[in-house]
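What follows is each chain in one-letter form.
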Amino acid sequence: MNQPETKTAPKSAFTVKETCYAGLFAAVIAIMAQISIPMPGGVPMTMQTFAVTLAAIVLGAKLSTVSTVIYLILGAAGFTGGLAKFVGPTGGFLISFPLMAFVIGWGVEHRKAFPGAFVVALVAGTVLNYVVGVAMFCALTQSTLAAGITACVLPFIPTAIIKAILASVVGFAVRKRLN
């Protein structure tokens, strides 16, 4: 006698709770993107990098990367400007968000095993965001590297430091509560 084969549903890569957290932080990034100050160089100052850093600290590498990808997909679908935002002068900053989140999240996850890992990852993730952003800005505006750095990096360094510190303080407090 043969027993009927029972089929089980494939196991999800994420729990329901993790999926909710990823969606929640995609929404946080979208909300923080609305805080935007136009700058003379054409690259606005936004709170997106604060939100990406916050997501990375709270969620870790894998889940914060998923969260930023969700945000970008929703943006590409037209919720925050559509595909035009990705191919414009500031598109490089956007497309680097998953990499930024992964690097910073990795630093959070390995901070106890490797002293200084978090700070190095925080700086590396931020620099990665600037490198990709400046590269695309220069390519699309046909600017020199010096002009790209002047428009896209130098005016943002003081606020990047403030946002990184604030995201770290808030993020580790939230992470502690969630665990």
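Residues numbered from 1 in each chain as written. Predicted model: local features only at pLDDT ≥ 70, side-chain atom pairs only at ≥ 80, totals over all residues. Heavy atoms only, no water.

**A short note on the overall build of the protein chain**
Then step 1. Helix and strand counts for the protein chain stand at 8 helices and 2 strands.
Then step 2. Secondary structure elements in the protein chain, listed N-terminal to C-terminal, are α-β-β-α-α-α-α-α-α-α.
Then step 3. Principal-axis analysis of the C-alpha atoms gives the protein chain an extent of 75 × 40 × 25 Å.
Then step 4. In the protein chain, which comprises 179 residues, the proportion classed as buried is 40%.
Then step 5. In the protein chain, the proportion of contacts linking residues at least 24 apart, taken out of those at least 6 apart, comes to 67%.
Then step 6. Carbon and sulfur atoms provide 72% of the accessible area of the protein chain, an area that totals close to 10,200 Å². (Helix = DSSP H or I, 4+ residues; strand = E, 2+ residues; numbered from the N terminus. Buried < 20%, exposed > 50% of the residue type's maximum accessible area, 1.4 Å probe, protein only. Contact = heavy atoms within 4.5 Å. Areas by Shrake-Rupley, 256 points an atom, 1.4 Å probe, with all protein chains shown as cover.)

**Considering helix H1 (residues 16-33)**
Then step 1. The end-to-end C-alpha separation of H1 is 26 Å, in line with the 26 Å expected for 18 residues at 1.5 Å each.
Then step 2. When we look at burial in H1, the residues that qualify are Ala22, Phe25, Ala26, Ile29, Met32 and Ala33. Relative to the axis of H1, the buried residues are bounded by an arc of 130° and lie together on one face. Away from its buried face, by an angle of more than 90 degrees, H1 presents the exposed residues Val16, Lys17 and Ile31. (Expected span 1.5 Å × (residues − 1). Arc of directions from axis to C-beta.)

**Concerning the packing of helix H6 (residues 117-141) against helix H8 (residues 157-178)**
Then step 1. Following both chains from N to C, one finds H6 and H8 inclined at 135°, their axes separated by 12 Å at the closest point. In this view, H6 runs oblique relative to H8, as classed from their interaxial angle. Every pair of crossing elements has a handedness; the one defined by H6 and H8 is right-handed. On H8, the residues that touch Phe118, Leu122 and Tyr130 of H6 are Ile157, Ala160, Ala164, Ser168 and Phe172.
Then step 2. Per-class residue counts for the contact of H6 with H8 are 7 nonpolar, 1 polar and no charged. (Axes fitted to C-alpha atoms, helices over the stretch in contact; angles between N-to-C directions. Parallel < 35°, antiparallel > 145°, perpendicular 65-115°, else oblique. Left-handed = near helix turned anticlockwise from the far one by under 90°. Nonpolar A, V, L, I, M, F, W, Y, C, P; charged D, E, K, R; others polar.)

**Observations concerning the side chain of Ser168**
Then step 1. Structurally, Ser168 can be placed in helix H8.
Then step 2. A distance of 2.7 Å separates the side chain of Ser168 from the backbone oxygen of Ala164, its partner in a polar contact. (Polar contact = N/O pair within 3.5 Å; in protein donor to acceptor, adjacent residues only side chain to side chain.)

**Looking at the environment of Ala76**
Then step 1. Topologically, Ala76 is positioned in helix H3 (residues 61-79).
Then step 2. The spatial distance from the C-alpha of Ala76 to the C-alpha of Leu63 is 20 Å, given a sequence separation of 13 residues.
Then step 3. The contact partners of Ala76, leaving out residues within four places of it in the chain, are Gly82, Leu83 and Phe86.

**Looking at the packing of helix H2 (residues 48-59) against H8**
Angle between the axes and distance between the axes: these two values describe a pair of packed helices.
Then step 1. The geometry of H2 relative to H8 is characterised by a closest axis approach of 8 Å and an angle of 30° between their N-to-C directions. Considered as vectors, H2 and H8 are oriented roughly parallel to each other. The two elements H2 and H8 meet at a crossing, and its hand is right-handed. Side by side, H2 and H8 meet where Thr49, Phe50, Thr53, Leu54, Ile57, Val58 and Leu59 of the first sit next to Lys163, Leu166, Ala167, Ser168, Val170, Gly171, Phe172, Val174, Arg175 and Leu178 of the second.

**A short note on the environment of Ala26**
Then step 1. By the secondary structure assignment, Ala26 is in helix H1.
Then step 2. Spatially, the C-alpha atoms of Ala26 and Phe93 are 16 Å apart, while their sequence positions differ by 67 residues.
Then step 3. Look past the residues within four positions of Ala26 in its chain and what remains in contact with it is Ser67, Ile70 and Tyr71.

**So, the state of the cysteines**
Then step 1. A full pass over the atoms with the stated rule returns 0 disulfides.
Then step 2. Cys138 takes part in no disulfide bond, and the closest cysteine sulfur, belonging to Cys152, lies 6.6 Å away.
Then step 3. A relative accessible area of 1% means that Cys152 is categorised as buried. (Disulfide = S-S within 2.5 Å.)

**Concerning H2**
Then step 1. Helix length check: H2 (12 residues) gives 16 Å between terminal C-alpha atoms against 16 Å at 1.5 Å per residue, within 8%.
Then step 2. Counting buried positions over the 12 residues of H2 gives 12, a clear majority of the element.
Then step 3. Once H2 ends, the next one or two residues include Gly60, with phi positive near 85°.

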